[in-house]
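# Close look at the chain arrangement
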Amino acid sequence: QVQLVESGGGVVQAGGSLRLSCAISKRTVSTYAKGWFRQAPGKEREFVAAINWSGSTTHYADSVKGRFTISRDNAENTVYLQMNSLKPEDTAVYYCAADLQVATILKGYRYLDIWGQGTLVTVSS
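Presented here is a report on the structure given in the accompanying data block. Every value quoted in this text rests on a predicted model; they were computed, and no experiment measured them.

### With respect to the overall build of the protein chain
In terms of helices and strands, the protein chain carries one helix and eleven strands. Sequence-ordered secondary structure for the protein chain, helices as α and strands as β, is β-β-β-β-β-β-β-β-β-α-β-β. Taking 14 Å as the expected radius of gyration for a compact globule of 125 residues, we find that the protein chain reaches 13 Å, a close match to that expectation. Dimensions of the protein chain along its principal axes, counting C-alpha atoms only, are 40 × 30 × 25 Å. The buried share of the protein chain, taken over its 125 residues, is 46%. Excluding contacts between residues fewer than 6 apart, the proportion of contacts in the protein chain whose partners are at least 24 apart in sequence is 59%. A total accessible area of about 6400 Å² is found for the protein chain, and carbon and sulfur atoms account for 47% of it.

### Some details on the pairing of strand β11 (residues 119-124)
Judged by which residues are buried, β11 turns out to be one-sided: Thr119, Val121 and Val123 face inward and are buried, whereas Leu120, Thr122 and Ser124, on the alternate face, are not. Relative to β11, strand β2 (residues 10-13) runs parallel, the two being bridged by four bridges. By the bridge assignment, Val11 is partnered in β11 with Thr122. The sheet contact formed by strand β9 (residues 92-99) and β11 spans three bridges and is antiparallel. Across the sheet, the residue bridging to Ala92 is Val121, located in β11.

### Considering the pairing of β9
Judged by how many residues are buried, β9 sits mostly within the fold: seven of eight residues are covered. Where strand β4 (residues 33-39) meets β9, seven bridges bridge the pair, whose relative direction is antiparallel. Along β9, the bridge assignment pairs Gly35 with Ala97.

### Considering the nonpolar core
Taken as a class, soluble globular proteins show a tendency for nonpolar side chains to be buried jointly. Residues Trp36, Val48, Phe68, Ile70, Leu81, Met83 and Tyr94 are the most contacted members of the largest nonpolar core, which totals 28 residues. Every element with two or more residues in this core is listed here: β3 (18-24), β5 (46-51), β7 (68-73), β8 (78-83), β9 and β11. Of all hydrophobic cores here, the second largest spans seven residues; its members include Ala33, Ala50, Ile105 and Leu112.

### Let's talk about the state of the cysteines
Tallied over the entire structure, the rule returns one disulfide. Bridging Cys22 to Cys96, the disulfide has an S-S length of 2.2 Å. Measuring the twist about the S-S bond at about -80°, one finds the Cys22-Cys96 disulfide to be left-handed. Of the two residues, Cys22 sits in strand β3 while Cys96 sits in strand β9, which places them 74 residues apart along the sequence. Both residues of the pair, Cys22 and Cys96, belong to the buried class.

### With respect to the environment of Gly16
For Gly16, the location among the structural elements is in the loop between β2 and β3. Remark: the alpha-carbon pair of Gly16 and Gln3, spanning 13 residues in sequence, is separated by 29 Å. Those residues in contact with Gly16, other than ones at most four positions away along the chain, are Met83, Asn84, Ser85 and Leu86.

Calculation criteria
Residues numbered from 1 in each chain as written. Predicted model: local features only at pLDDT ≥ 70, side-chain atom pairs only at ≥ 80, totals over all residues. Heavy atoms only, no water. Helix = DSSP H or I, 4+ residues; strand = E, 2+ residues; numbered from the N terminus. Rg over C-alpha atoms; globule rule 2.2 N^0.38 Å. Buried < 20%, exposed > 50% of the residue type's maximum accessible area, 1.4 Å probe, protein only. Contact = heavy atoms within 4.5 Å. Areas by Shrake-Rupley, 256 points an atom, 1.4 Å probe, with all protein chains shown as cover. Pairing = 2+ DSSP bridges. Core = buried A, V, L, I, M, F, W, Y, C linked by side-chain atoms within 4.5 Å. Disulfide = S-S within 2.5 Å.

Below, the structure written as structure tokens:
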């Protein structure tokens, strides 16, 4: 059974930073493309960032471009999301997802089957 375990969420003031981690339990999935999504209360889950298996290609939602950075360490089976210049509107539960193809991640959350349990990020104004 594949497990994705997110960590690093918390409460931070606007303008602050957090780094989220997603640990992958199964080695074969560690080479999959990975993505971060978020879901605010009462809103649909939305794409945040994605990275291909090697880390050579990344994609970002317009709302986080220039502030968030996705990266991965395949030796450690971990994907990261560095979040800087946080805004109150970034408040959400952040989820890690995995798929063979980045293109599938970019299609949206409905196309994905492998998810973590989520970690809550709260940005206070």
